[in-house]
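# Fold and geometry: a report
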Amino acid sequence: MDVLNATNDLVAHMAAVPMDGGAFGWDTNPDLPAFEDGHDPIQQVFSWGQGIIVVIGIIGILFAAGKMAIGKFGRSDLAADGVGGLVWTVMGISLMLVAIPVILAVANVAGG
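Residues numbered from 1 in each chain as written. Predicted model: local features only at pLDDT ≥ 70, side-chain atom pairs only at ≥ 80, totals over all residues. Heavy atoms only, no water.

## Some words on the side chain of threonine 89
With respect to the helices, strands and loops of the structure, threonine 89 is situated in helix H3 (residues 76–111). Once residues lying within four places of it in the same chain are set aside, the contact partners of threonine 89 are Gly57, Gly60 and Ile61. (Helix = DSSP H or I, 4+ residues; strand = E, 2+ residues; numbered from the N terminus. Contact = heavy atoms within 4.5 Å.)

## What about the pattern of salt bridges?
Enumeration over the complete set of coordinates arrives at one salt bridge. The closest approach of N and O atoms between aspartate 81 and lysine 67, which form a salt bridge, is 2.6 Å. Within this pair, whereas aspartate 81 is found in helix H3, its partner lysine 67 is found in helix H2 (residues 41–71), the two being separated by 14 residues in sequence. A residue is classified by how much of its surface remains accessible, and aspartate 81, at 39% relative accessible area, is partly exposed. (Salt bridge = Lys/Arg side-chain N within 4 Å of Asp/Glu carboxyl O. Buried < 20%, exposed > 50% of the residue type's maximum accessible area, 1.4 Å probe, protein only.)

## Quick word on the confidence of the model for the protein chain
Scored by pLDDT, the protein chain comes out at a mean of 78, with 77% of its residues at no less than 70. Per-element confidence in the protein chain is highest for H2, whose mean pLDDT is 86, and lowest for helix H1 (residues 2–16), whose mean pLDDT is 73. (pLDDT = per-residue confidence, 0-100.)

## Quick look at a nonpolar patch on the surface
A surface patch of nonpolar side chains, amounting to about 360 Å² of accessible area, comprises Trp48, Ile52 and Ile56. Relative to the assigned elements, tryptophan 48 resides in helix H2. With a relative accessible area of 59%, tryptophan 48 lands in the exposed category. (Patch = residues over 30% accessible without salt bridge, like charges linked within 9 Å, V, L, I, M, F, W, Y side chains within 5 Å. Areas by Shrake-Rupley, 256 points an atom, 1.4 Å probe, with all protein chains shown as cover.)

This is the structure:
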């Protein structure tokens, strides 16, 4: 029974101790570790993402060009669909490639 009372007193006292991090030396604003040789894995992930976006964009443009080429042989509806697909592909690639620098800029502003 004494252990329960001691635990109850300890919990009551700990509840009154401010937990702002200063009393215990905790870092309340943690930063990313310093990466060696400029190797930043977060930047590497974004670089891979940009590369994948470019590859997907090339495939989309080739697909739209193929539709336009097939439409040249008498299927004008397919050619018109290819032109529309080309516009959507170029706009989608542009938005995705612009999104990465915007995300990095916002992350740098928020982080520091």
